Amino acid sequence: MSKILLPVTVDIPTSSYFALSLQLSVVLAHEETREWYYENFINIYMESHNNICFTDMSFGMLCRYTTVFDYSVSKYEDTMHDNIIDRVRHELSDEQNYAYLYVDEYYISCKEAYMSSHFHHQALIYGFDDERRIFNAIAFDKSGHFAKLEYPYDEVVTGYEEAFKCEPKT
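Residues numbered from 1 in each chain as written. Predicted model: local features only at pLDDT ≥ 70, side-chain atom pairs only at ≥ 80, totals over all residues. Heavy atoms only, no water.

Take the environment of Asp141 next. Tracing the backbone shows Asp141 in the loop between β4 (134–140) and β5 (146–152). Counting along the chain gives 31 residues from Asp141 to Cys110, while the straight-line C-alpha distance between them is 6.7 Å. Here Asp141 is in contact with Cys110, Lys111, Ala147 and Leu149, once residues within four sequence places are set aside. A distance of 2.8 Å separates a polar atom in the side chain of Asp141 from a polar atom in the side chain of Ser143. (Helix = DSSP H or I, 4+ residues; strand = E, 2+ residues; numbered from the N terminus. Contact = heavy atoms within 4.5 Å. Polar contact = N/O pair within 3.5 Å; in protein donor to acceptor, adjacent residues only side chain to side chain.)

We now examine the packing of aromatic side chains. Within this structure, the stated rule accounts for four aromatic pairs. Seen from their ring centres, Tyr100 and Tyr102 are 6.1 Å apart, and the 85° between their planes marks the pair as edge-to-face. Residues Tyr106 and Tyr107 carry aromatic rings whose centres are separated by 4.9 Å and whose planes lie at 75° to one another, so their mutual orientation is edge-to-face. Exposure remark for Tyr107: the relative accessible area of 19% places this residue in the buried category. (Phe/Tyr/Trp six-rings, centres within 6.5 Å; stacked < 30°, edge-to-face > 60°. Buried < 20%, exposed > 50% of the residue type's maximum accessible area, 1.4 Å probe, protein only.)

Now for the nonpolar core. In terms of nonpolar packing, the biggest core is built from 26 residues, with Val88, Leu92, Leu101, Ile125, Phe135 and Tyr151 touching the most fellow members. Elements supplying a minimum of two residues to this core: α4 (84–93), β2 (99–104), β3 (120–129), β4, β5 and α5 (153–163). Dropping the residues within four chain positions of it, Ile125 is found in contact with Val88, Leu92, Tyr98, Ala99, Leu101, Phe135, Asn136, Ala137 and Tyr151. (Core = buried A, V, L, I, M, F, W, Y, C linked by side-chain atoms within 4.5 Å.)

Before going further, it helps to examine the environment of His90. Among the structural elements, His90 can be located in helix α4. There is a polar contact of 2.8 Å between the side chain of His90 and the side chain of Asp94.

What follows deals with the pattern of salt bridges. Applying the stated criterion to the full structure yields four salt bridges. Glu105 serves as the salt-bridge partner of Lys111, at 3.4 Å between the closest nitrogen and oxygen. Judged by relative accessible area, Lys111 falls into the buried class, the value being 4%. Glu105 gets classed as buried once you look at its relative accessible area, which sits at 5%. (Salt bridge = Lys/Arg side-chain N within 4 Å of Asp/Glu carboxyl O.)

In terms of burial, β4 is a largely internal element, six of the seven residues being buried. Both β3 and β4 contribute to a ladder of five bridges, which runs antiparallel. By the bridge assignment for β4, Gly127 is matched with Asn136. Where β3 folds back onto β4 in an antiparallel hairpin, the turn is made up of four residues, including Arg133, whose phi is positive at roughly 55°. (Pairing = 2+ DSSP bridges.)

Rendered as structure tokens:
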């Protein structure tokens, strides 16, 4: 498959914590889960982080959504021998899963930190286009707005690898 786009929306409550906003962009894009949001969601959750290089999403922010969708967590160690482009493409096309990907935004050209500062942050990958060699992502754009962005494959490879080389004290 050379191109796929899973449903997402950037029309979400502006008070949402960023990591929750990524999940809400999926929940609110599907008619069958939109009703769940209006009946169940209250945004009062925060999580303490012991490791700034990787937030373990297997408990906490994502678990509140298990009544409307399933998820699994792959740590860097689980994917370090895989080609991250192929891995994400497989999840999107074969499994119809979204990917929640951490990258060092220093290497991502559509980000404010591009070539100026190392900033490790997540994005929701909801599609790809092999002809253009890009992933479709939701994250903050250069102006700080929650938006649909394009992450070039070569930048994702470098940004993903570099995101897990950070020193905990930096």
